[in-house]
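Given next are the chains, with one letter for each unit.
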Amino acid sequence: MSSAKQASENATPGFLVWRLSMKWRVAVDRAVGPLGLTHAQYSLVASLYGMHRAGEHPSQRRLADHTGLEPLYVSKLARSLEAAGLLDRTRDPADPRAVRLTLTDEGRAVTLRAITVVQGLLERLLEPLGGLGGERTRAFSHELAALLDVPLDPPT
């Protein structure tokens, strides 16, 4: 029996979610590091890329809501990505408090390479469930989405 299997036999679901999220974060950090990105930066640019493809030009706040990252952290990440030449931050003419984010040409190229790398990593992770298109993977994704919908804010 593998050590991971032994460690998870009596583990709580919360511990397993935490371990899987840490394993994924570290793996993505290593995979996108050669492209000059961290896992958090990848999450931002990949989400921004997807939103642009869907016709949306999000503000930093909208991107924070989409990714689940704190707005202040998104702002910090966006500034570092802007300094690296991967995205542009511009004031929204309709709301001077809002900052719109757009990938630069270089940012799109790096993001596409990173998405390909992470997609391969995801295929490896999901192989035991039948791969990315597998029925067990779809069921697993459905269960994860149900858990993400549960509000965990402290009661007021």
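Cut-offs used in this document
Counting restarts for each chain: residues are numbered from 1 in the order of the written sequence. With pLDDT at 70 or above as the cut-off, local features in this predicted model cover only qualifying residues; side-chain atom pairs require 80 or more to be listed or tallied, and sums for whole chains, interfaces and linings still use all residues. To obtain the side-chain values, all non-hydrogen atoms of the structure were used and water was disregarded. Angular values range over 0 to 180 degrees, each being the angle between N-to-C directions of two axes fitted as lines to C-alpha atoms, with helices fitted over their stretch in contact. The helix and strand labels rest on DSSP assignments: H or I over at least four residues marks a helix, E over at least two residues marks a strand, and numbering proceeds from the N terminus. We call two directions roughly parallel when the angle between them is under 35 degrees, roughly antiparallel when it is over 145, roughly perpendicular when it lies between 65 and 115, and oblique otherwise. Should the near helix be turned anticlockwise from the far one by less than a right angle, the crossing is termed left-handed; should it be turned clockwise, right-handed. Contacts were defined at the residue level, with two residues in contact if any of their heavy atoms lie within 4.5 Å. The term polar contact refers here to a pair of N or O atoms within 3.5 Å; inside protein, the definition further demands a hydrogen-donor-capable atom paired with an acceptor-capable atom, and it admits residues adjacent in sequence only when both atoms are side-chain atoms. Only protein chains enter the accessibility calculation, which uses a 1.4 Å probe. A residue is then buried if its area is under 20% of the maximum for its type, exposed if over 50%, and partly exposed in between. Here, a salt bridge means any side-chain nitrogen of Lys or Arg that lies within 4 Å of a carboxyl oxygen of Asp or Glu. Only strands joined by at least two bridges in the DSSP assignment are considered to pair. Only buried residues count toward a nonpolar core. Its members are Ala, Val, Leu, Ile, Met, Phe, Trp, Tyr and Cys residues joined through side-chain atoms within 4.5 Å.

Some words on the packing of helix α2 (residues 13-32) against helix α6 (residues 105-126)
Reasoning step 1: Running from amino to carboxyl end, α2 crosses α6 at an angle of 140°, the nearest separation of the two axes being 10 Å. As far as their axial angle goes, α6 and α2 are oblique. Crossing of α2 against α6: the hand is right-handed. Contacts between α2 and α6 pair L20, W24, A27, V28, A31 and V32 from the former with A114, V117, V118, L121, L122 and L125 from the latter.

Topic: the environment of S80
Reasoning step 1: Summarising the element assignment, S80 is placed in helix α5 (residues 71-83).
Reasoning step 2: Here the alpha-carbon distance between S80 and V28, two residues 52 residues apart in the chain, equals 18 Å.
Reasoning step 3: Looking at S80, its side chain comes within polar contact range of the side chain of Q41, at 3.2 Å.

Considering the side chain of Q60
Reasoning step 1: Here Q60 shows up in helix α4 (residues 60-67).
Reasoning step 2: A relative accessible area of 11% means that Q60 is categorised as buried.
Reasoning step 3: If near-sequence neighbours (up to four positions away) are discounted, Q60 is found in contact with V74, S75, A78, R89, V99 and L101.

Some thoughts on the pattern of salt bridges
Reasoning step 1: Considering all chains together, one arrives at seven salt bridges under this definition.
Reasoning step 2: Note that E56 and R62 form a salt bridge whose closest N and O atoms lie 2.7 Å from each other.
Reasoning step 3: R62 sits in the partly exposed class, given a relative accessible area of 33%.
Reasoning step 4: Between R97 and D95 there is a salt bridge, and its shortest N-O distance comes to 3.2 Å.
Reasoning step 5: Under the relative-accessibility criterion, R97 is labelled exposed at 72%.

Examining the pairing of strand β2 (residues 95-103)
Reasoning step 1: Strand direction decides the pairing type here: strand β1 (residues 87-92) and β2, joined by six bridges, are antiparallel. Along β2, the bridge assignment pairs D88 with T102.
Reasoning step 2: A loop of two residues connects β1 with β2, the two strands running antiparallel in sequence.

Examining the nonpolar core
Reasoning step 1: V32, L37, Y42, L44, L81, L87 and L101 are the most contacted members of the largest nonpolar core, which has 26 residues in total.
Reasoning step 2: Those elements that provide at least two residues to this core are α2, α3 (39-53), α4, α5, β2 and α6.
Reasoning step 3: Take this core: its biggest share by element is eight residues, from α3.
Reasoning step 4: Discounting residues that sit within four places of it in the chain, L101 has contacts with L48, H52, P58, Q60, L63, A78, L87, D88 and R89.

Regarding the environment of V32
Reasoning step 1: Mapped onto the secondary structure, V32 falls in helix α2.
Reasoning step 2: V32 sits in the buried class, given a relative accessible area of 0%.
Reasoning step 3: Taking the C-alpha atoms as reference points, V32 and R53, 21 residues apart in sequence, are found 21 Å from one another.
Reasoning step 4: Here V32 is in contact with L37, T38, H39, Y42, A114 and V118, once residues within four sequence places are set aside.

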